[in-house]
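Commentary on secondary and tertiary structure
Spelled out, the chains give:
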Amino acid sequence: MTKKILVLPGDGIGQEIVAEAVKVIKALQADGLALEMEEGLVGGAAYDETGSPLPEETLTKAKAADAILLGAVGGYKWESLDISVRPEKGLLGLRAELDLFANLRPAILYPQLAGASTLKPEVVSGLDIMIVRELTGGIYFGQPRGVRTLDNGERQGYNTLVYKESEVKRIAEVAFDIARKRNSKVCSVDKANVLEVTEMWREVVTECHKDNSDIELSHMYVDNAAMQLVREPKQFDVMVTTNMFGDILSDCAAMLTGSIGMLPSASLNSKGQGMYEPIHGSAPDIAGQNIANPLATILSVAMMLRYSLDESTMAERVEKAVDKVLEQNLRTADIYSDGMKKVSTSEMGDAVVAAL
Ligand code: IPM
Ligand code: MG
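The structure presented is a predicted model; accordingly, all values stated were derived computationally and were not measured. (Residues numbered from 1 in each chain as written. Chains lettered and ligands numbered in written order. Predicted model: local features only at pLDDT ≥ 70, side-chain atom pairs only at ≥ 80, totals over all residues. Heavy atoms only, no water.)

In the region of ligand 1, the neighbouring residues are E88, L91, R95, R105, R133, Y140 and D247. Contact between ligand 1 and R95: an oxygen atom at 2.7 Å from a side-chain N or O atom of the residue. R133 has a polar side-chain atom sitting 2.8 Å from an oxygen atom of ligand 1. For ligand 1, the protein covers 78% of the area, taking 320 Å² as the surface of the free molecule. Looking at the shell around ligand 1 element by element, the count peaks at 3 residues for helix 4 (residues 87-97). Here the shell around ligand 1 gathers at least three residues from each of two domains, domain 1 (1-109 + 259-356) and domain 2 (128-256). (Near = heavy atom within 4 Å. Polar contact = N/O pair within 3.5 Å; in protein donor to acceptor, adjacent residues only side chain to side chain. Areas by Shrake-Rupley, 256 points an atom, 1.4 Å probe, with all protein chains shown as cover. Helix = DSSP H or I, 4+ residues; strand = E, 2+ residues; numbered from the N terminus. Domains from an automatic or database assignment.)

Right, dumping it as structure tokens:
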């Protein structure tokens, strides 16, 4: 059966970068990739049109799709809206409704970009880390949450960090499985010295490790992990962590690779359905200028081909094409350095298509 994908450009640079990724998909379709593609609204764009950042129609299409390609959501325009209808809720709603609990965020340094990182080339060259972030639990979704007024009239904000054993177990299993296809090392990141819930996290991961003893397991507190990521990032293979710690550490890891504009991600459920998106945001400050880097989104297409569409050869073609455009010294502004050729968003997309 022909696979179906849903394309959700979202807001800000989401529109521009997804357009380039769609060019790549169309080129592959012309080359025999059997795929049905439809578009939908999410985020601020959806709010403006329908009053909801995740309209029912989008959710229905998303549930019926084999994979979703998402640009980015959010922007200044919607910042003062009530939190329940902010663009981010569209993204979080999709993650929750489709139970996309396993978020894979690879941080790979392209040798051509070693000079684009703010860290010394010898610290980052050859870097290849996979961050496995729990995506549907933890403090992002925990109840109760809100802002209440205390007896003295002062307001108090609160969120709840919760994990069930089963939630920890399933993400730990994903991390062990991925490590097995890589360098067989998992570092579980927690704050077990302070937070009971992550002390339990550590116990469950350790228990899970008994059935995965071929993998080397270590544990690290999140503050130390942040430091180690910039001190000696190559010590890591797979890192597995909670929703919020993973959010923070993946931005940190992104910068090791030169630009957050290079990093794709996959969010998977247990049925093999996936949502694919660059890890960066909607960058409203540069939206509409045709200068954003589309490569993270194009590399997200590669992940989609591999993880949800069973098209690993096509995935490799896309990855090789990205490698080739970097080899041709083409650079968007975020990864530009002296002596390189500066290109726009659309020129970069065209170059990838040509390199396919
Ligand atoms: C990410 C983003 C999102 C998150 C935002 C946009 C809700 O930062 O995917 O990392 O916090 O998960
Ligand atoms: Mg983030």
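Having put the structure on the table, let's press on.
Further remarks concern the packing of helix 10 (residues 295-307) against helix 11 (residues 312-327). Contact pair helix 10 / helix 11: the axes reach a minimum separation of 7 Å and the direction vectors enclose 160°. By the angle between their directions, the pair helix 10 and helix 11 is classed as roughly antiparallel. Every pair of crossing elements has a handedness; the one defined by helix 10 and helix 11 is left-handed. Of helix 11, the residues touching helix 10 (which contributes L295, I298, L299, A302, L305 and R306) are S312, M314, A315, E316, V318, E319, V322 and L326. Its residues assigned to classes, the contact of helix 10 with helix 11 shows 10 nonpolar, 1 polar and 3 charged. (Axes fitted to C-alpha atoms, helices over the stretch in contact; angles between N-to-C directions. Parallel < 35°, antiparallel > 145°, perpendicular 65-115°, else oblique. Left-handed = near helix turned anticlockwise from the far one by under 90°. Contact = heavy atoms within 4.5 Å. Nonpolar A, V, L, I, M, F, W, Y, C, P; charged D, E, K, R; others polar.)

Residues L104, V132, V186, M262, M304 and L305 are the most contacted members of the largest nonpolar core, which totals 88 residues. Ignoring anything within four residues of it in the chain, the contact list for V186 reads A175, F176, A179, I215, E216, L217, S218, V238 and V240. By size, the runner-up hydrophobic cluster in this structure holds 15 residues, among which are L6, V42, L54 and I68. (Core = buried A, V, L, I, M, F, W, Y, C linked by side-chain atoms within 4.5 Å. Buried < 20%, exposed > 50% of the residue type's maximum accessible area, 1.4 Å probe, protein only.)

Another point: the pattern of salt bridges. One pass over the structure, following the stated rule, counts 19 salt bridges. One salt bridge in this structure joins K23 and E20, with 2.7 Å as the shortest N-O distance. Here K23 and its partner E20 are both found in helix 1 (residues 14-30), 3 residues apart, which amounts to about one turn of the helix. On the accessibility criterion, K23 (28% relative accessible area) is partly exposed. Note that E319 is salt-bridged to R306, the shortest N-O span being 2.9 Å. Residue E319 is found in helix 11, and its partner R306 is found in helix 10; the two are separated by 13 residues along the sequence. Relative accessible area serves as the criterion here: at 25%, E319 is assigned to the partly exposed category. Several salt bridges converge on common partners, so that one network encompasses E20, K23 and D350. (Salt bridge = Lys/Arg side-chain N within 4 Å of Asp/Glu carboxyl O.)

Together, E165, E196, E199 and E203 give the surface a local cluster of negative charge. Top contributing element to the negative patch by residue count: helix 7 (residues 196-209), with 3 residues. Tracing the chain through its elements places E196 in helix 7. Take E196: its relative accessible area is 60%, and that puts it in the exposed class. (Patch = residues over 30% accessible without salt bridge, like charges linked within 9 Å, V, L, I, M, F, W, Y side chains within 5 Å. Lys, Arg positive; Asp, Glu negative; His and termini not counted. Charge placed at Lys NZ, Arg CZ, Asp CG, Glu CD.)

So, about the pairing of strand 4 (residues 102-108). Of all 7 residues in strand 4, 6 are buried; the element is thus mostly enclosed. Note that strand 4 and strand 5 (residues 128-134) share 7 bridges and pair antiparallel. Residue pairing across strands places N103 opposite R133, the latter belonging to strand 5. Pairing geometry for strand 4 and strand 11 (residues 264-268), over 3 bridges, is antiparallel. (Pairing = 2+ DSSP bridges.)

Looking now at the sheet that holds strand 10 (residues 238-241). In space, the 10 strands of this open sheet follow the order 2-1-3-12-11-4-5-10-8-9, with mixed pairing throughout. Whereas interior strands pair on both sides, the edge strands pair on one side only; in this sheet they are strand 2 (35-39) and strand 9 (216-221). Adjacent strand axes in the sheet meet at a mean angle of 20°, parallel and antiparallel pairs treated alike. This element, helix 9 (residues 243-256), spans strand 4, strand 5, strand 8 (185-190) and strand 10 of the sheet and lies at about 155° to strand 5.

Geometric descriptors of this kind do not, in isolation, establish any biological role.
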